Amino acid sequence: MNILGINAYHGNASAALVCDGKLVAAVEEERFNRVKYAAGFPAAAIDYCLKEAGLTLADVDHVAVPRNPYARLATKLLYAVRMPSFARERLRVLSKFTAIPAALAQTLDFDPGKIKATFHRVEHHQAHLASTFFVSPFEHAAMLSADGLGDFASTMWGTGRGSRMEIDGVIAFPHSLGLYYSAVTQYLGFLKFGDEYKVMGLAAYGQPEHLDAFRDIVRFHENGSEFGFRLGLDYFTHHRTGPEMTWAESDKTPVLGKMFSEAMAKRLGGLSRQPEEPLEQRHRNLAASLQARLEEVYLGMLRKLAAITQTKAVCLAGGVAFNCVANGKIFDQTPFQEVYVHPAAGDGGLAVGAAFYIWHQVLGKPRLFVMDHAYWGPGYASEEIRAAIDSSGISKGGYGIAKLPDGELMKRTAAIIADGKILGWYQGRAEWGPRALGNRSIVADPRRPEMKEILNRRIKHREIFRPFAPSILAEKAGEWFERSYPSPFMTLAYPVRPEKRDKIPAPTHVDGTGRLQTVTAEANPRYHALISEFERQTGVPVVLNTSFNDNEPIVCRPEEALDCFLRAQMDALVLGNYLITRL
Ligand SMILES: [Fe+2]
């Protein structure tokens, strides 16, 4: 049985294919159309998933779309009456969704008469919850989804048991931890969609001096088994301007409208920062306070959830679940002892969640799959890599090109990293989700404090305060970090052991933490072999890992890797077994 999940007409448009209960492929449209967070119809992603499985649309039994226009209909109607522009936008979106079967046939150039699939709508947050619990290793777990907004809710929690999940609570629009974070991110002068990461990085440089103000901006409440939060709405504008304004038309990066009010500016001590203005300590302290309040509410909800569900395991999804700093504190500040975060915790992951929701919750099928690695995207054969090298122009001179057996490849590549060079590392199938996890990565020496500045200046062109991440052999994590609980998808940040901090300064953040990826030989044998060889040569089982891109979606095809390598003037590039060096 083949189930196609499609996240369409929404940020992070994506597709996923589940065949007989097991994920076969999953990818975001941005990797093909090269538009970050692309929000259109994911035609290329769907096409890729079907090809990966050797199927056509005629073989698809179910199509799952993670959006249900009938969820929280009464609240939606209330806002539609208050805001006619919002009502028009809803109608436009609804008409697009009813046209998904036609869009499928048209974009894939397929006879609509041959599509036999049943179409399903899955509510947004139930798809998030399904994306994490149903692919987790847990038989019984608490679940929490928290994001900006989806199907008019921002937060949902429940209990997963076997192939069933039950919803225990929901927080509806306009109250939202994701929108809270986005609004303050805007206030601090970071206006682009997805800039919340930057502010999380900035928070480590400040002190939470404004926590009282933020406790007023987000109010947590609990009463027995009841709990939740509310926004101080005076500080926001999104409940007045309309939530759907956040999505731009067509295949473009989404755009956010202004979300904070004058009351927020006043409460936080004055005018908002303009993007070109310098960052002052006040901004760092505000970022720290924003993050501290998020942690209080997020961890407060998790403590309540642990008490209610009486389980030691929790599954997380939704954009807020990318807050690796908050996630890293779960073990110390809640009773949970096991944590699973879906690697595409944002809305890209909805495609996987919707598909598994159909398999388990609708069809009642048993659990047959655990997502223990993230390599579900496109991969390219050695001949395709060779053809890309030949057509790139580098074979004309100026570069050394060698095809090496694994052992020699690892030895020479590890030596290049240890020598302080910047390496593009391109292997196998692309990662699912926004993190590069050793298949589409730029790798560098973590021992060199200057490496952060070199990477920022030469390759990444990003703010100096943003941290880089470490990849560590999973079996060595406890020796270098204060926790060893697996973080295979870079969704947890732990303190680096104090005595190790000056040994890996480049990926250690200013507060002494690292957003680590724990690498096992099972999940990624080649990346594990590379780090093992680096350890043999240097004594350090860690490399610095950042995504293989330069202000664009992560490279997908070998041609894009070569292009980025040349453009960014990296020192060396490994594509499969090919080692390319500048002469
Ligand atoms: Fe979402």
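So, here's what we can say about the structure. (Residues numbered from 1 in each chain as written. Predicted model: local features only at pLDDT ≥ 70, side-chain atom pairs only at ≥ 80, totals over all residues. Heavy atoms only, no water.)

Focus: the overall build of the protein chain
For step 1, the next point in the chain: Looking only at helices and strands, the protein chain features 21 helices and 21 strands.
For step 2, the next point in the chain: Over its C-alpha atoms the protein chain spans a radius of gyration of 23 Å, differing by no more than 12% from the 25 Å that the globule rule assigns to 583 residues.
For step 3, the next point in the chain: With respect to the three principal axes, the spread of C-alpha positions in the protein chain is 65 × 65 × 45 Å.
For step 4, the next point in the chain: Sequence-distant contacts in the protein chain: of pairs separated by 6 or more residues, those separated by 24 or more amount to 72%.
For step 5, the next point in the chain: A total of about 21,300 Å² of accessible surface is found on the protein chain, and carbon and sulfur atoms cover 52% of it.
For step 6, the next point in the chain: Distance between charge centroids for the protein chain: 2 Å, based on 67 positive and 64 negative side chains. (Helix = DSSP H or I, 4+ residues; strand = E, 2+ residues; numbered from the N terminus. Rg over C-alpha atoms; globule rule 2.2 N^0.38 Å. Contact = heavy atoms within 4.5 Å. Areas by Shrake-Rupley, 256 points an atom, 1.4 Å probe, with all protein chains shown as cover. Lys, Arg positive; Asp, Glu negative; His and termini not counted. Charge placed at Lys NZ, Arg CZ, Asp CG, Glu CD.)

Points about the sheet that holds strand β14 (residues 423-426)
Within a beta sheet, neighbouring strands are joined by backbone hydrogen bonds and run either parallel or antiparallel to one another.
For step 1, the next point in the chain: Judged by pairing direction, the sheet is mixed, and its nine strands sit side by side in the order β13-β21-β20-β14-β15-β19-β16-β18-β17 without closing on themselves. What marks the edges here is a single partner per strand, and that holds for β13 (399-403) and β17 (492-495). Strand-to-strand twist across the sheet, computed as the mean angle between neighbouring axes with direction ignored, equals 35°.
For step 2, the next point in the chain: Strand direction decides the pairing type here: strand β20 (residues 572-575) and strand β21 (residues 578-582), joined by four bridges, are antiparallel. Looking across to β21, one finds that L573 is bridged to I580.
For step 3, the next point in the chain: Strands β13, β14, β20 and β21 of the sheet are contacted by helix α21 (residues 558-567), whose axis makes an angle of about 175° with β20. (Pairing = 2+ DSSP bridges. Axes fitted to C-alpha atoms, helices over the stretch in contact; angles between N-to-C directions.)

Some remarks on the side chain of S471
For step 1, the next point in the chain: Mapped onto the fold, S471 is located in strand β16 (residues 469-473).
For step 2, the next point in the chain: A relative accessible area of 0% places S471 in the buried class. (Buried < 20%, exposed > 50% of the residue type's maximum accessible area, 1.4 Å probe, protein only.)

With respect to the sheet that holds strand β4 (residues 62-65)
For step 1, the next point in the chain: Ordered by their spatial adjacency, five strands build an open sheet running β3-β2-β1-β4-β5, and the pairing between neighbours is mixed. Each edge of the open sheet is held by one strand with a lone partner, namely β3 (22-28) and β5 (118-121). The sheet shows a mean angle of 15° between the axes of neighbouring strands, direction not considered.
For step 2, the next point in the chain: By the bridge criterion, three bridges tie strand β1 (residues 2-7) to β4 in an arrangement that is parallel. Each residue of the ladder has a partner; that of G5, found in β4, is A64.
For step 3, the next point in the chain: Docked against the sheet, helix α2 (residues 43-53) engages β1, β2 (14-19) and β3, running at close to 150° with respect to β3.
For step 4, the next point in the chain: Here helix α15 (residues 350-362) sits on the sheet and contacts β1, β2, β3, β4 and β5; the angle it forms with β1, its principal contact strand, is near 140°.

What about a nonpolar patch on the surface?
For step 1, the next point in the chain: On the surface, Y70, L73 and L77 cluster together to form a nonpolar patch covering roughly 330 Å² of accessible area.
For step 2, the next point in the chain: Under the relative-accessibility criterion, Y70 is labelled exposed at 57%. (Patch = residues over 30% accessible without salt bridge, like charges linked within 9 Å, V, L, I, M, F, W, Y side chains within 5 Å. Salt bridge = Lys/Arg side-chain N within 4 Å of Asp/Glu carboxyl O.)

Things to note about the packing of helix α7 (residues 177-187) against helix α8 (residues 196-203)
For step 1, the next point in the chain: At a minimum axis distance of 9 Å, the contact between α7 and α8 shows a crossing angle of 75°. In this view, α7 runs roughly perpendicular relative to α8, as classed from their interaxial angle. Residues Y181, S182 and T185 of α7 lie in contact with α8, whose contacting residues are E196, V199 and M200.
For step 2, the next point in the chain: For the contact of α7 with α8, a count of residues per class yields three nonpolar, two polar and one charged. (Parallel < 35°, antiparallel > 145°, perpendicular 65-115°, else oblique. Nonpolar A, V, L, I, M, F, W, Y, C, P; charged D, E, K, R; others polar.)

Structural notes on the side chain of D195
For step 1, the next point in the chain: Tracing the backbone through its elements, the reader meets D195 in the loop between α7 and α8.
For step 2, the next point in the chain: Within polar-contact distance, the side chain of D195 engages the backbone nitrogen of L191 at 3.4 Å.
For step 3, the next point in the chain: Beyond its immediate chain neighbours, meaning those up to four positions away, D195 contacts T185 and F190. (Polar contact = N/O pair within 3.5 Å; in protein donor to acceptor, adjacent residues only side chain to side chain.)

These results come straight from atomic positions and should not be treated as a statement about function.
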